[in-house]
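One-letter residues, chain by chain:
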Amino acid sequence: MATPPKRSCPSPASSSEGTHIKKISIEGNITAGKSTFVNILKQVCEDWEVVPEPVARWCNVQRTQDEFEELTTSQKSGGNVLQMMYEKPERWSFTFSYACLSRIRAQLASLSGKLKDAEKPVLFFERSVYSDRYIFASDLYESDCMNETEWTIYQDWHDWMNDQFGQRLELDGITYLRATPEKCLSRIYLRGRNEEQDIPLEYLEELRYKHESWLLHRTLKTNFDYLQEVPVLTLHVNEDLHESLVEKVKEFLSTLIFPKTTDGQNVSRSFGLLQANFSYKTKRHDVQGKAIQASPQYQIGLPQRAVLRLGALLEDVRLEGNRQNGTNEN
């Protein structure tokens, strides 16, 4: 897909207390196209920045970044915790929780980067601390690759880390790249990352189920209530990524025009978003993705409580307009 030069683009929102960095997480299965998509987004607008997954750190875990310091034997032989986890998950899954720590560190660092001086900043995360816990870590626990004690420890430090830093990383929206497990498996072979070549289709199906529960059906329970109210843009990406998907992201960002209300929930003025949500609510898909080809190219979804608040807001606006015009229409 051809990418135009970076240019200024309209801001989806700014707060009354100064410029607010809109934070959008790009979520999806392994090889759904997240890395490719965030790199495309980075080139679209000068005030858009991305935080890729720190895969290089997972594949070469080192205590120091000093290139002149002599490495230990274990570091020279890899220190590849990603490969170790895939090869022997029952031994290394808990150790791989380092992935979440490195993600938090990278995302926090981005907030003090060049976007802090941008006029209309949007920050795209390649996955979030929430998918780390509720998609990947929970699947490892449910597959008996983490024992009860390890899972309890993971949840405990995850809660603590979010108590300390989570407010700075709270999401304003989520973009879900939706592809079938079969398509993801074929892309794994095409990408050729050594650590991933033995991933079975069943694992991709498990991850797919969890993503659908969280982002489509909104039935996945978490410890973070605000996530239930975060708008989700679903993009169907079984085919190659193309220009129209970037336009859908721009449309989605334009709906995120309100800062959070005092009760911590996100609300949108966009009546188009309300209509899109009702469209989403009437379309149910097989959790294994059999209906993808027949479904719309994209969907924007809000949970029911947000729809009700938005409906009440629109009604208040209508009544206020009638009052100013001197009418009593109900």
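Residues numbered from 1 in each chain as written. Predicted model: local features only at pLDDT ≥ 70, side-chain atom pairs only at ≥ 80, totals over all residues. Heavy atoms only, no water.

Caption draft 1: Main features of the pattern of salt bridges. Counted under the stated rule, the structure contains 13 salt bridges. Close ionic contact of R191 with E196 constitutes a salt bridge, the shortest N to O distance being 2.8 Å. Note on E196: relative accessible area 3%, which makes it buried. One connected set of salt bridges, linked through shared partners, spans E53, R103, R127 and D132. (Salt bridge = Lys/Arg side-chain N within 4 Å of Asp/Glu carboxyl O. Buried < 20%, exposed > 50% of the residue type's maximum accessible area, 1.4 Å probe, protein only.)

Caption draft 2: Quick look at the environment of T255. Inspection of the secondary structure assignment puts T255 in helix α11 (residues 243-255). Of the residues examined, T255 reaches a relative accessible area of 6% and is grouped as buried. Of note is the side chain of T255, whose polar atom sits 2.6 Å from the backbone oxygen of F252. (Helix = DSSP H or I, 4+ residues; strand = E, 2+ residues; numbered from the N terminus. Polar contact = N/O pair within 3.5 Å; in protein donor to acceptor, adjacent residues only side chain to side chain.)

Caption draft 3: The arrangement of the nonpolar core in detail. Core analysis: the largest hydrophobic core is formed by 67 residues, its most contacted members being F37 and F124. V81, L82, F96 and L140 belong to the second largest nonpolar core, which has nine residues in total. (Core = buried A, V, L, I, M, F, W, Y, C linked by side-chain atoms within 4.5 Å.)

Caption draft 4: Representation of the packing of helix α9 (residues 181-191) against helix α10 (residues 201-216) within the structure. Contact geometry for α9 and α10: axes closest at 9 Å, N-to-C directions at 130°. When the axis of α9 is compared with that of α10, the two are oblique. Where α9 crosses over α10, the two elements pack in a sense that is right-handed. Only L201, L204, E205 and R208 of α10 make contact with α9, whose side of the interface consists of P181, E182, C184, L185 and I188. Considered class by class, the residues forming the contact of α9 with α10 number six nonpolar, no polar and three charged. (Axes fitted to C-alpha atoms, helices over the stretch in contact; angles between N-to-C directions. Parallel < 35°, antiparallel > 145°, perpendicular 65-115°, else oblique. Left-handed = near helix turned anticlockwise from the far one by under 90°. Contact = heavy atoms within 4.5 Å. Nonpolar A, V, L, I, M, F, W, Y, C, P; charged D, E, K, R; others polar.)

Caption draft 5: Quick peek at helix α8 (residues 148-165). The terminal C-alpha atoms of α8 lie 26 Å apart, and with 18 residues this matches the ideal 26 Å at 1.5 Å per residue to within 8%. Buried within α8 are the following residues: W151, Y154, W157, H158, M161 and N162. Projected down its long axis, α8 shows its buried positions confined to an angular sector of 140°, all on one face. Along α8, the residues that are exposed and aim more than 90 degrees away from the buried face are T149, D156 and D163. The inward-facing, buried residues of α8 contact α6 (98-111) and α7 (129-142). (Expected span 1.5 Å × (residues − 1). Arc of directions from axis to C-beta.)

Caption draft 6: Structural view of the packing of aromatic side chains. Scanning the entire structure with this criterion turns up eight aromatic pairs. Taken together, a centroid distance of 5.5 Å and an interplanar angle of 80° make the contact between W58 and F96 edge-to-face. Taken as a pair, W58 in helix α2 (residues 55-59) and F96 in the loop between α5 (89-92) and α6 lie far apart in primary sequence, 38 residues in all. A single burial state applies to W58 and to F96, both of which are buried. Seen from their ring centres, Y141 and W151 are 5.2 Å apart, and the 10° between their planes marks the pair as stacked. With a gap of ten residues between them, Y141 in helix α7 and W151 in helix α8 connect regions that are remote in the sequence. Taken together, the ring pairs in this structure connect Y130, Y134, F224 and Y226 into an aromatic cluster. (Phe/Tyr/Trp six-rings, centres within 6.5 Å; stacked < 30°, edge-to-face > 60°.)

Caption draft 7: The arrangement of the pairing of strand β1 (residues 22-28) in detail. Summarising burial for β1: seven of the seven residues are buried, a large majority. Residues of β1 alternate between two faces, with K22, I24, I26 and G28 on one and K23, S25 and E27 on the opposite face, all of them buried. As defined by bridge partners, β1 adjoins strand β3 (residues 122-126) across five bridges and the pair is classed as parallel. Within β3, the residue paired with I26 across the bridge is E126. Taken together, the five bridges between β1 and strand β4 (residues 173-178) define a ladder with parallel strand orientation. Paired with E27 across the two strands is Y176, which belongs to β4. (Pairing = 2+ DSSP bridges.)

Caption draft 8: Local environment of the pairing of β4. Within β4, six of the six residues are buried, leaving the element largely enclosed by the surrounding structure. Burial along β4 is two-sided: G173, T175 and L177 and I174, Y176 and R178, pointing in opposite directions, are all buried. One ladder, built from five bridges, connects β4 with strand β5 (residues 232-236); its direction is parallel. Looking at the pairing, I174 lines up with V232 of β5.

Caption draft 9: Just the environment of V122, in detail. Relative to the helices and strands, V122 resides in strand β3. By relative accessible area, which is 0% here, V122 ends up buried. Put simply, V122 and E46 are 76 residues apart on the chain and 9.6 Å apart in space, counted from C-alpha to C-alpha.

Caption draft 10: Representation of the confidence of the model for the protein. Looking at the protein as a whole, the pLDDT averages 77, with 67% of positions reaching at least 70. When pLDDT is averaged over each element of the protein, β4 comes out on top at 97 and helix α12 (residues 271-281) at the bottom at 38. With pLDDT under 50 throughout, residues 10-17 is counted as low confidence; its partners more than four residues away or in other chains account for 14 contacts. Residue range residues 66-71 is modelled with pLDDT below 50. Its contacts to residues more than four positions away, or to other chains, number five contacts. (pLDDT = per-residue confidence, 0-100.)

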